Amino acid sequence: MKIALLGYGKMGKTIEEIALNRDHEIVLKIEEDIDTYEIDKMEIDVAIDFSVPKAAFKNITTCFKNNIPVVCGTTGWLDDYEKAVEICKKEDSAFIYASNFSVGVNLFFELNKKLAKMMNGMDDYAVEIEEIHHTQKQDAPSGTAISLAQQIVTENVKKNSWQLDHAAADEIPIKAKRIEDVPGTHTVSYKSKIDSIEIMHTANSRQGFALGAVIAAEWLKDKKGIFTMQDVLSSQF
Ligand SMILES: NC(=O)C1=CN([C@@H]2O[C@H](COP(=O)(O)OP(=O)(O)OC[C@H]3O[C@@H](n4cnc5c(N)ncnc54)[C@H](O)[C@@H]3O)[C@@H](O)[C@H]2O)C=CC1
Ligand SMILES: O=C(O)C1=N[C@H](C(=O)O)C[C@H](O)C1
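By the naming in an unreviewed UniProt entry, the protein is 4-hydroxy-tetrahydrodipicolinate reductase, taken from Salegentibacter salinarum. The UniProt entry for the protein carries this comment under Sequence similarities (unreviewed entry): "Belongs to the DapB family." Annotation of the protein in UniProt includes, under Pathway (unreviewed entry), the sentence "Amino-acid biosynthesis; L-lysine biosynthesis via DAP pathway; (S)-tetrahydrodipicolinate from L-aspartate: step 4/4."

Participant: What should I look at first to understand the pairing of strand S6 (residues 126–133) in this one?
Facilitator: Within a regular beta strand, the side chains point alternately toward one face of the sheet and then the other, so they alternate between its two faces. Where S6 and strand S9 (residues 185–191) come together, seven bridges link them in antiparallel fashion. By the bridge assignment, Ile-129 is partnered in S9 with Val-188. As paired strands, S6 and strand S8 (residues 171–178) are joined by five bridges and run parallel to one another. Bridged to Ile-129 within S8 is Ile-174.

Participant: Looking at this structure, I do not really get the UniProt feature "domain: Dihydrodipicolinate reductase N-terminal" (unreviewed entry) in the protein. What am I missing?
Facilitator: UniProt tags residues 1–101 as "domain: Dihydrodipicolinate reductase N-terminal" (unreviewed entry). The distance separating the terminal C-alpha atoms of residues 1–101 is 19 Å; by composition the span is 35% helix and 22% strand.

Participant: Mind showing me how you'd approach the site of ligand 2 here?
Facilitator: For ligand 2, the full set of nearby residues is Thr-75, Ser-99, Asn-100, His-133, His-134, Lys-137, Ser-142, Gly-143, Thr-144, Pro-183, His-186 and Phe-209. In this structure, His-134 approaches ligand 2 through a side-chain N or O atom, which is 2.8 Å from an oxygen atom. Split into classes, the residues belonging to the shell around ligand 2 amount to two nonpolar, nine polar and one charged. Of the domains in this structure, domain 1 (2–101 + 207–236) and domain 2 (103–202) are the two that each give at least three residues to the shell around ligand 2.

Participant: Is there a simple way to think about the UniProt feature "binding site: (S)-2,3,4,5-tetrahydrodipicolinate" (unreviewed entry) in the protein in this case?
Facilitator: According to UniProt, the positions carrying the feature "binding site: (S)-2,3,4,5-tetrahydrodipicolinate" (unreviewed entry) are His-134, Gly-143 and Thr-144. Note on His-134: relative accessible area 10%, which makes it buried. Once residues within four sequence positions are removed from consideration, His-134 is found in contact with Lys-10, Arg-178, Ile-179, Asp-181, Val-182 and Arg-206. Locating Thr-144 in the fold gives a position in helix H5 (residues 143–155). Look past the residues within four positions of Thr-144 in its chain and what remains in contact with it is Ser-99, Asn-100, Val-105, Phe-109 and His-186.

Rules behind the numbers
Residues numbered from 1 in each chain as written. Chains lettered and ligands numbered in written order. Predicted model: local features only at pLDDT ≥ 70, side-chain atom pairs only at ≥ 80, totals over all residues. Heavy atoms only, no water. UniProt positions renumbered as here; feature names shortened; annotations may be inferred. Pairing = 2+ DSSP bridges. Helix = DSSP H or I, 4+ residues; strand = E, 2+ residues; numbered from the N terminus. Near = heavy atom within 4 Å. Polar contact = N/O pair within 3.5 Å; in protein donor to acceptor, adjacent residues only side chain to side chain. Nonpolar A, V, L, I, M, F, W, Y, C, P; charged D, E, K, R; others polar. Domains from an automatic or database assignment. Buried < 20%, exposed > 50% of the residue type's maximum accessible area, 1.4 Å probe, protein only. Contact = heavy atoms within 4.5 Å.

Rendered as structure tokens:
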């Protein structure tokens, strides 16, 4: 498979290593605006975007316009997600966005939904999310923490949204901590006066995110439409 890497930082480099080990070819590495590359003249099977929030929308929609399917893991640009979906549909292209491509985190998401369902109506418990990431991270809270909060909102009749730090009664508080070299740790806790229940996912490296993104790219290559990581994983496991 011929892969274009949109963003060649910590994640782009880890994805390259995994893609080469799976016999794929990296035909393009982008570190600036996509207009400066002649992608219309290139043969690209799939683009994988792990870049920066301000670049993602333009770069991925340019790929759709050139009939290149896109796997996007960049977080912090989701105000434009619906617009990107419309452009993808109009161009008859293919798209997967996931706040987290790690298989382990996607299992953790399922656990979070189950626990949220069980805790719905348990009013003595206060729910809270904490995320810890490295100090270079541009966005807060993390995309994964937002996904966890949205999953709880779907299950819990008393919670309508999330808030960074100080939340109202109908909001889930998210605490974002930045500590050098932490790849990504997420904890969902329910605390009462009597006891606490916590579930936690700790990434030991970036390998899990990168492997999940390459698996998603292999799955998406010849498809058309809008998909999620759940679609990918339910066809594999
Ligand atoms: N969904 C997931 O599973 C994961 C998502 N992420 C997200 O992926 C993104 C990248 O993370 P890292 O690699 O750690 O960041 P990084 O800062 O190491 O790399 C970002 C890269 O984007 C490049 N870049 C800057 N402007 C650009 C432009 N206009 N076009 C294309 N590339 C440009 C930079 O040169 C840099 O190489 C972040 O948004 C992060 O939150 C990170 C890990 C897992
Ligand atoms: O920036 C990161 O590093 C990560 N970002 C993603 C997020 O915002 O959730 C996923 C992972 O936790 C690492």
